[in-house]
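Structural characterization, general
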Amino acid sequence: MHRYRSHTCGALRESDIGQNVRLSGWCHRIRDHGGVLFIDLRDHYGLTQCVVDPDSPAFKVAEKLRSEWVVRIDGKVRRRPEGTDNLELATGLVEVYATDIEVLGPAAELPMPVFGEQEYPEDIRLKYRFLDLRREKLHQNIIKRGQIIDSIRKRMKEQGFFEFQTPILTASSPEGARDFLVPSRLHPGKFYALPQAPQQFKQLTMVAGFDRYFQIAPCFR
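Quick caveat, the model's predicted, so the values are computed rather than measured. (Residues numbered from 1 in each chain as written. Predicted model: local features only at pLDDT ≥ 70, side-chain atom pairs only at ≥ 80, totals over all residues. Heavy atoms only, no water.)

A few points about empty space enclosed by the protein
What the rule picks out here adds up to two cavities of 30 Å³ or more. Considering only enclosed or pocket space, the largest cavity measures out at about 90 Å³ in volume. Around the largest cavity, the lining is made up of 14 residues, and of these T170, S173, P195, A197 and Q200 lie nearest the centre. With three residues, the top contributor of residues to the lining of the largest cavity is helix α5 (residues 199–207). For the lining of the largest cavity, the class distribution of residues is six nonpolar, six polar and two charged. Computed from the structure, the second largest cavity encloses a volume of approximately 40 Å³. Lining the second largest cavity are T166, P167, I168, P195, A197, P198, Q215, A217 and P218. Tallied by class, the residues present in the lining of the second largest cavity amount to seven nonpolar, two polar and no charged. (1 Å grid on protein atoms, 1.4 Å probe; cavity = no way out; pocket = protein on both sides within 12 Å on 5 of 7 lines; lining within 4 Å. Points joined across faces, edges and corners; volume = space filled by probe spheres on them. Helix = DSSP H or I, 4+ residues; strand = E, 2+ residues; numbered from the N terminus. Nonpolar A, V, L, I, M, F, W, Y, C, P; charged D, E, K, R; others polar.)

Things to note about the side chain of S56
Among the secondary structure elements, S56 is positioned in the loop between β3 (46–52) and α1 (59–64). When neighbours within four sequence positions are excluded, S56 is seen to be in contact with Y97, A98 and T99. (Contact = heavy atoms within 4.5 Å.)

Quick word on the layout of surface pockets
Considering only enclosed or pocket space, the largest pocket measures out at about 850 Å³ in volume. Around the largest pocket, the lining is made up of 36 residues, and of these H28, G46, L47, L89 and E136 lie nearest the centre. Listing elements by their share of the lining of the largest pocket, those giving two or more residues are β1 (20–33), β2 (36–43), β3 and α4 (136–158). Along the lines of polarity and charge, the residues of the lining of the largest pocket split into twelve nonpolar, eleven polar and 13 charged.

Notes on the pairing of β2
Residues in a regular strand point their side chains to alternate faces of the sheet. Most of β2 sits inside the fold, with seven of its eight residues counted as buried. As judged from the seven bridges shared by β1 and β2, these two strands associate in the antiparallel manner. Pairing of C27 across the sheet is with L41, part of β2. Turn length for the β1-β2 hairpin, with the two strands adjacent in sequence and antiparallel, is two residues, and the turn residue G34 shows positive phi of about 65°. (Buried < 20%, exposed > 50% of the residue type's maximum accessible area, 1.4 Å probe, protein only. Pairing = 2+ DSSP bridges.)

Brief notes about α4
In this model α4 runs 33 Å from its N-terminal to its C-terminal C-alpha over 23 residues, within 8% of the 33 Å that 1.5 Å per residue would give. Count one or two residues on from α4 and you reach G160, which has phi positive near 90°. (Expected span 1.5 Å × (residues − 1).)

This is a description of form; function is not addressed.
Set out below in C-alpha coordinates:
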(Lines give C-alpha, C1' and ligand atoms only; values in the text may rest on other atoms or scores of the structure.)
Protein backbone atom coordinates (compact mmCIF):
# COMPACT_ATOMS: atom_id res chain seq x y z
CA MET A 1 0.00 0.00 0.00
CA HIS A 2 1.12 3.56 -0.69
CA ARG A 3 2.82 5.31 2.23
CA TYR A 4 0.08 7.93 2.52
CA ARG A 5 -3.08 6.78 0.79
CA SER A 6 -4.87 4.12 -1.20
CA HIS A 7 -7.76 6.47 -2.03
CA THR A 8 -8.43 10.18 -1.94
CA CYS A 9 -10.94 11.65 0.47
CA GLY A 10 -13.44 12.11 -2.35
CA ALA A 11 -13.19 8.65 -3.90
CA LEU A 12 -14.96 6.13 -1.64
CA ARG A 13 -18.39 4.84 -2.66
CA GLU A 14 -20.76 2.00 -1.71
CA SER A 15 -18.81 -0.31 -4.03
CA ASP A 16 -15.80 0.08 -1.66
CA ILE A 17 -17.66 -1.23 1.42
CA GLY A 18 -15.60 -3.91 3.13
CA GLN A 19 -12.26 -2.71 1.78
CA ASN A 20 -9.31 -1.78 3.96
CA VAL A 21 -8.21 1.69 2.89
CA ARG A 22 -5.68 4.38 3.77
CA LEU A 23 -6.50 8.08 3.66
CA SER A 24 -4.43 11.19 4.35
CA GLY A 25 -5.58 14.75 4.79
CA TRP A 26 -6.53 17.56 7.15
CA CYS A 27 -8.86 17.10 10.12
CA HIS A 28 -11.63 19.35 8.84
CA ARG A 29 -13.93 18.88 11.83
CA ILE A 30 -13.90 16.59 14.86
CA ARG A 31 -17.12 15.70 16.71
CA ASP A 32 -17.48 13.79 19.97
CA HIS A 33 -20.77 11.91 20.19
CA GLY A 34 -20.79 10.27 23.60
CA GLY A 35 -17.23 8.96 23.39
CA VAL A 36 -17.43 8.04 19.70
CA LEU A 37 -15.27 10.41 17.65
CA PHE A 38 -16.22 11.47 14.13
CA ILE A 39 -13.38 12.94 12.06
CA ASP A 40 -14.23 14.67 8.81
CA LEU A 41 -11.02 14.15 6.83
CA ARG A 42 -10.42 16.56 3.95
CA ASP A 43 -8.04 16.71 1.01
CA HIS A 44 -8.06 18.44 -2.38
CA TYR A 45 -10.58 15.93 -3.74
CA GLY A 46 -13.25 15.90 -1.06
CA LEU A 47 -14.20 14.83 2.43
CA THR A 48 -14.67 11.45 4.12
CA GLN A 49 -16.18 10.75 7.52
CA CYS A 50 -13.98 8.58 9.72
CA VAL A 51 -15.21 6.99 12.95
CA VAL A 52 -13.20 6.00 16.03
CA ASP A 53 -14.68 4.37 19.14
CA PRO A 54 -13.03 3.33 22.43
CA ASP A 55 -12.63 -0.23 21.14
CA SER A 56 -10.38 0.94 18.30
CA PRO A 57 -6.59 0.80 18.82
CA ALA A 58 -6.49 4.28 17.26
CA PHE A 59 -8.74 5.88 19.89
CA LYS A 60 -5.96 7.28 22.12
CA VAL A 61 -4.37 9.06 19.16
CA ALA A 62 -7.75 10.26 17.90
CA GLU A 63 -8.49 11.96 21.24
CA LYS A 64 -5.48 14.24 20.73
CA LEU A 65 -6.41 15.40 17.22
CA ARG A 66 -7.33 19.01 16.57
CA SER A 67 -8.57 21.04 13.63
CA GLU A 68 -6.23 21.12 10.61
CA TRP A 69 -3.86 18.47 11.91
CA VAL A 70 -2.53 16.42 9.02
CA VAL A 71 -3.05 12.71 9.60
CA ARG A 72 -2.97 9.33 7.92
CA ILE A 73 -5.89 7.04 8.75
CA ASP A 74 -6.09 3.31 8.06
CA GLY A 75 -9.45 1.62 8.38
CA LYS A 76 -12.30 -0.33 6.86
CA VAL A 77 -15.06 1.14 4.70
CA ARG A 78 -18.55 0.51 5.96
CA ARG A 79 -22.08 1.70 5.22
CA ARG A 80 -23.24 4.65 7.27
CA PRO A 81 -25.98 3.80 9.79
CA GLU A 82 -29.51 4.27 8.51
CA GLY A 83 -30.64 7.89 8.72
CA THR A 84 -27.12 9.37 8.79
CA ASP A 85 -26.50 9.58 5.05
CA ASN A 86 -25.22 12.91 3.75
CA LEU A 87 -26.32 13.25 0.15
CA GLU A 88 -24.47 16.57 -0.19
CA LEU A 89 -21.19 14.65 -0.11
CA ALA A 90 -19.97 12.32 -2.85
CA THR A 91 -18.81 10.01 -0.04
CA GLY A 92 -21.96 10.59 2.01
CA LEU A 93 -23.19 6.98 2.01
CA VAL A 94 -20.06 5.46 3.56
CA GLU A 95 -17.63 6.02 6.42
CA VAL A 96 -14.26 4.61 7.46
CA TYR A 97 -13.90 2.82 10.78
CA ALA A 98 -10.37 3.82 11.81
CA THR A 99 -8.00 1.18 13.13
CA ASP A 100 -4.75 3.16 12.94
CA ILE A 101 -3.95 6.88 12.93
CA GLU A 102 -0.57 8.51 12.34
CA VAL A 103 -0.11 12.23 12.97
CA LEU A 104 1.88 13.59 10.04
CA GLY A 105 1.74 17.24 11.06
CA PRO A 106 0.19 18.78 14.18
CA ALA A 107 -1.10 22.36 14.01
CA ALA A 108 -1.19 25.14 16.58
CA GLU A 109 -4.39 27.05 17.33
CA LEU A 110 -5.52 28.69 14.10
CA PRO A 111 -5.80 32.48 13.66
CA MET A 112 -8.87 31.81 11.50
CA PRO A 113 -10.83 28.55 11.21
CA VAL A 114 -11.05 26.71 7.91
CA PHE A 115 -14.38 25.06 8.70
CA GLY A 116 -17.39 27.22 7.85
CA GLU A 117 -17.69 30.42 5.84
CA GLN A 118 -17.29 33.10 8.49
CA GLU A 119 -16.32 36.57 7.32
CA TYR A 120 -12.92 37.88 8.37
CA PRO A 121 -11.10 41.19 7.79
CA GLU A 122 -9.16 41.27 4.55
CA ASP A 123 -5.82 41.87 6.28
CA ILE A 124 -6.24 38.64 8.30
CA ARG A 125 -7.26 36.69 5.21
CA LEU A 126 -4.27 37.94 3.21
CA LYS A 127 -1.79 37.41 6.04
CA TYR A 128 -2.94 33.80 6.42
CA ARG A 129 -3.79 33.24 2.77
CA PHE A 130 -2.71 29.59 2.92
CA LEU A 131 -5.50 29.00 5.45
CA ASP A 132 -8.00 31.17 3.59
CA LEU A 133 -7.46 29.14 0.41
CA ARG A 134 -8.26 25.92 2.27
CA ARG A 135 -11.83 27.11 2.82
CA GLU A 136 -14.34 25.29 0.65
CA LYS A 137 -15.76 28.28 -1.22
CA LEU A 138 -12.38 29.69 -2.24
CA HIS A 139 -11.02 26.24 -3.06
CA GLN A 140 -13.96 25.55 -5.36
CA ASN A 141 -13.66 29.02 -6.94
CA ILE A 142 -10.07 28.30 -7.96
CA ILE A 143 -11.04 24.88 -9.34
CA LYS A 144 -13.92 26.46 -11.28
CA ARG A 145 -11.64 29.15 -12.69
CA GLY A 146 -9.25 26.51 -14.00
CA GLN A 147 -12.12 24.56 -15.55
CA ILE A 148 -13.43 27.68 -17.30
CA ILE A 149 -9.99 28.48 -18.72
CA ASP A 150 -9.58 24.88 -19.89
CA SER A 151 -12.98 25.08 -21.62
CA ILE A 152 -12.08 28.36 -23.34
CA ARG A 153 -8.77 26.93 -24.59
CA LYS A 154 -10.44 23.77 -25.87
CA ARG A 155 -13.15 25.68 -27.76
CA MET A 156 -10.73 28.18 -29.27
CA LYS A 157 -8.29 25.52 -30.45
CA GLU A 158 -11.12 23.45 -31.92
CA GLN A 159 -11.91 26.49 -34.10
CA GLY A 160 -8.32 26.79 -35.30
CA PHE A 161 -7.06 29.55 -33.02
CA PHE A 162 -3.46 29.49 -31.80
CA GLU A 163 -2.56 30.57 -28.26
CA PHE A 164 0.25 33.10 -27.79
CA GLN A 165 2.06 34.05 -24.60
CA THR A 166 3.10 37.71 -24.60
CA PRO A 167 5.74 39.37 -22.35
CA ILE A 168 4.98 40.45 -18.82
CA LEU A 169 7.83 42.98 -18.55
CA THR A 170 7.48 45.73 -21.14
CA ALA A 171 7.84 49.45 -21.77
CA SER A 172 5.36 51.91 -20.35
CA SER A 173 2.43 52.60 -22.68
CA PRO A 174 -0.17 55.40 -22.72
CA GLU A 175 -3.10 53.40 -21.39
CA GLY A 176 -5.94 54.68 -19.24
CA ALA A 177 -4.51 53.64 -15.84
CA ARG A 178 -1.20 54.15 -14.10
CA ASP A 179 1.50 51.54 -14.68
CA PHE A 180 2.86 49.07 -12.17
CA LEU A 181 6.65 49.57 -12.38
CA VAL A 182 9.41 47.01 -11.81
CA PRO A 183 13.02 48.24 -11.32
CA SER A 184 15.64 46.84 -13.67
CA ARG A 185 18.55 44.98 -12.09
CA LEU A 186 20.80 45.37 -15.17
CA HIS A 187 20.00 49.04 -15.78
CA PRO A 188 19.91 50.97 -12.47
CA GLY A 189 17.44 53.83 -12.49
CA LYS A 190 15.40 52.24 -15.31
CA PHE A 191 12.06 50.53 -14.91
CA TYR A 192 9.91 47.98 -16.68
CA ALA A 193 6.13 48.32 -16.74
CA LEU A 194 3.67 45.48 -16.26
CA PRO A 195 1.31 45.39 -19.28
CA GLN A 196 -2.14 46.91 -18.86
CA ALA A 197 -3.26 45.03 -21.99
CA PRO A 198 -1.67 42.69 -24.57
CA GLN A 199 -2.94 44.86 -27.44
CA GLN A 200 0.44 46.00 -28.81
CA PHE A 201 1.85 42.48 -28.79
CA LYS A 202 -1.30 41.19 -30.47
CA GLN A 203 -0.89 43.77 -33.23
CA LEU A 204 2.74 42.73 -33.71
CA THR A 205 1.73 39.10 -34.25
CA MET A 206 -1.02 40.15 -36.68
CA VAL A 207 1.38 42.29 -38.75
CA ALA A 208 3.89 39.43 -38.69
CA GLY A 209 1.32 37.22 -40.42
CA PHE A 210 0.04 35.01 -37.63
CA ASP A 211 -3.65 34.19 -38.05
CA ARG A 212 -6.42 33.33 -35.58
CA TYR A 213 -4.71 34.30 -32.35
CA PHE A 214 -5.98 34.20 -28.79
CA GLN A 215 -4.51 34.75 -25.35
CA ILE A 216 -5.81 34.47 -21.81
CA ALA A 217 -3.69 37.38 -20.68
CA PRO A 218 -2.86 38.75 -17.22
CA CYS A 219 -3.36 42.52 -17.22
CA PHE A 220 -2.11 44.85 -14.50
CA ARG A 221 -4.05 48.04 -13.82
